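# Residue-level structural notes
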Amino acid sequence: MPKDHGVQATQAGESVEELKIAAITALDSTESGEQLEAWRVGFLGRKGRLTGLLRGLGSLDIEHRKVVGAAANSLRGELEALYEERSKQSKSSQAPVGSIDITLPGRRPALGGLHPSTQMIREITQAFNEMGFQTIEGPEVELEKYNFDMLNIPANHPARDQWDTIWVDSDTHNDVLLRTHTSPMQARTMEANDPPIRVVVPGKCYRYESTDATHEWHFNQVEGLAVDEGITFADLKGTLYEFARRIFGSQRKVRFRCDFFPFVEPGVDMSIEWNGNWIEILGAGMVHPKVLENAGYDSTKYTGFAFGMGPERISMLRNEITDIRHFFSNDLRFLTQF
Ligand code: YSA
């Protein structure tokens, strides 16, 4: 006698276990209501295979009949439950597999947008473009020569401390850094061009400094440079007043104060009045004669002014943003407000 009564063959030659495997395999491959009905008739119907197996029980001896009969009845319950479940699924998914409902209304795809820093940079550069300045860009990985030396900040000059520098490790060079401001583009532009020059230079800067609500270790600046014969401090003030008017409106008060930068003489910073306070937005000044001469210009013939501002700080004022770190934290709840 076989050890496993559940797989014992009936007279018809099919065991309960074989029938179970055949039924489940066939059920899995049904794809329509018609095929499911054919399966029901073929396995559970009056002339179906399970009924045939039960009919064959009479030919077994009493002991085997009890065991195989119990297994066959249990299989019937199992197959009926599977049939019910499959039948429900087939009713709830009446649409043929792979079909598209062309009557559904269209949905607008999610659109991206410009980063708030980019928006501000474009607004600033456009204001200067309309005043005759051309937009150019320069390298973020810069040489010490352009970031400091040509700007009248020699090695060991204490003014270098003002720009905490991130140096780039290199086996062959010890003079490569991430630019700490966009001012090196003053030197590069003058080196490559003759006056007259009117450029604005937006771009990323990096400083080895701790962050707080108004300081990031990476941020943007927009540099400006104008060099020609006869340029005066009045041109600097007039240009920056006009810029402030375009960005902040004609009612906003503007203040210039003396400031020191080694590459200008005289140097100033410009603040705007905001909720009763003066907020500094840029540094500026008349290009230092040494900087003109470092670039090969005749400083007795040419004069110029330059400035450098932080677009994130300006956007903070305009949009009442209280922490500069939001700009680069990539939180869509912040970014999608612009
Ligand atoms: C001055 C005179 C010139 O003739 C030309 C340019 C300049 C500006 C000079 N190169 C400079 O970098 N000055 S600064 O250190 O005071 O930075 C200028 C502006 O950049 C600041 O007013 C501020 O708006 C922004 N900034 C500076 N450090 C920042 C920053 N923004 C965010 N995070 C920081 N850590």
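Residues numbered from 1 in each chain as written. Predicted model: local features only at pLDDT ≥ 70, side-chain atom pairs only at ≥ 80, totals over all residues. Heavy atoms only, no water.

### Brief notes about the packing of helix α1 (residues 16–28) against helix α2 (residues 33–44)
Relative to each other, α1 and α2 sit at 170°, their axes nearing to 10 Å. By the angle between their directions, the pair α1 and α2 is classed as roughly antiparallel. Contacts between α1 and α2 involve Leu19, Ala22, Ala23, Ala26 and Leu27 from the former and Leu36, Trp39 and Phe43 from the latter. Here the residues of the contact of α1 with α2 sort into eight nonpolar, no polar and no charged. (Axes fitted to C-alpha atoms, helices over the stretch in contact; angles between N-to-C directions. Helix = DSSP H or I, 4+ residues; strand = E, 2+ residues; numbered from the N terminus. Parallel < 35°, antiparallel > 145°, perpendicular 65-115°, else oblique. Contact = heavy atoms within 4.5 Å. Nonpolar A, V, L, I, M, F, W, Y, C, P; charged D, E, K, R; others polar.)

### Brief notes about α1
Relative to the 18 Å expected for 13 residues at 1.5 Å per residue, α1 spans 18 Å between its end C-alpha atoms, a close match to the ideal helical length. Of the residues making up α1, those classed as buried are Val16, Leu19, Ala23 and Leu27. Burial along α1 is one-sided: seen end-on, the buried residues are contained in an arc of 60°. More than 90 degrees from the buried face of α1, the exposed residues found are Ile21, Thr25 and Asp28. (Expected span 1.5 Å × (residues − 1). Buried < 20%, exposed > 50% of the residue type's maximum accessible area, 1.4 Å probe, protein only. Arc of directions from axis to C-beta.)

### Quick notes on the site of the ligand
The full set close to the ligand counts 27 residues, and His181, Ser183, Glu209, Glu216 and Val264 are the nearest of them. Separating a nitrogen atom of the ligand from a backbone N or O atom of Glu216 is a distance of 2.9 Å. Interatomic distance of 3.1 Å between a side-chain N/O atom of Gln221 and an oxygen atom of the ligand. Burial of the ligand by the protein chains amounts to 95% of its free accessible area of 680 Å². Mapped by element, the contributors of at least two residues to the shell around the ligand are β6 (218–228), β9 (277–287) and β10 (303–309). Among the elements that take part in the shell around the ligand, β9 stands out by supplying six residues, more than any other. Its residues assigned to classes, the shell around the ligand shows 11 nonpolar, 10 polar and six charged. (Near = heavy atom within 4 Å. Polar contact = N/O pair within 3.5 Å; in protein donor to acceptor, adjacent residues only side chain to side chain. Areas by Shrake-Rupley, 256 points an atom, 1.4 Å probe, with all protein chains shown as cover.)

### So, the pattern of salt bridges
Tallying each qualifying case throughout the model produces 15 salt bridges. The residue Glu123 makes a salt bridge to Arg318 at a minimum N-O spacing of 2.7 Å. You can see Glu123 sitting in helix α5 (residues 116–129) and its partner Arg318 sitting in helix α10 (residues 311–319), a full 195 residues away along the chain. Judged by its relative accessible area of 31%, Glu123 is partly exposed. Its relative accessible area of 32% is what places Arg318 among the partly exposed residues. Of the charged contacts in the structure, one is a salt bridge between Glu191 and Lys145, with a shortest N-O distance of 3.8 Å. With Glu191 in helix α7 (residues 184–192) and Lys145 in helix α6 (residues 144–147), the pair connects residues that are 46 residues apart, well separated along the chain. Judged by its relative accessible area of 42%, Glu191 falls in the partly exposed class. (Salt bridge = Lys/Arg side-chain N within 4 Å of Asp/Glu carboxyl O.)

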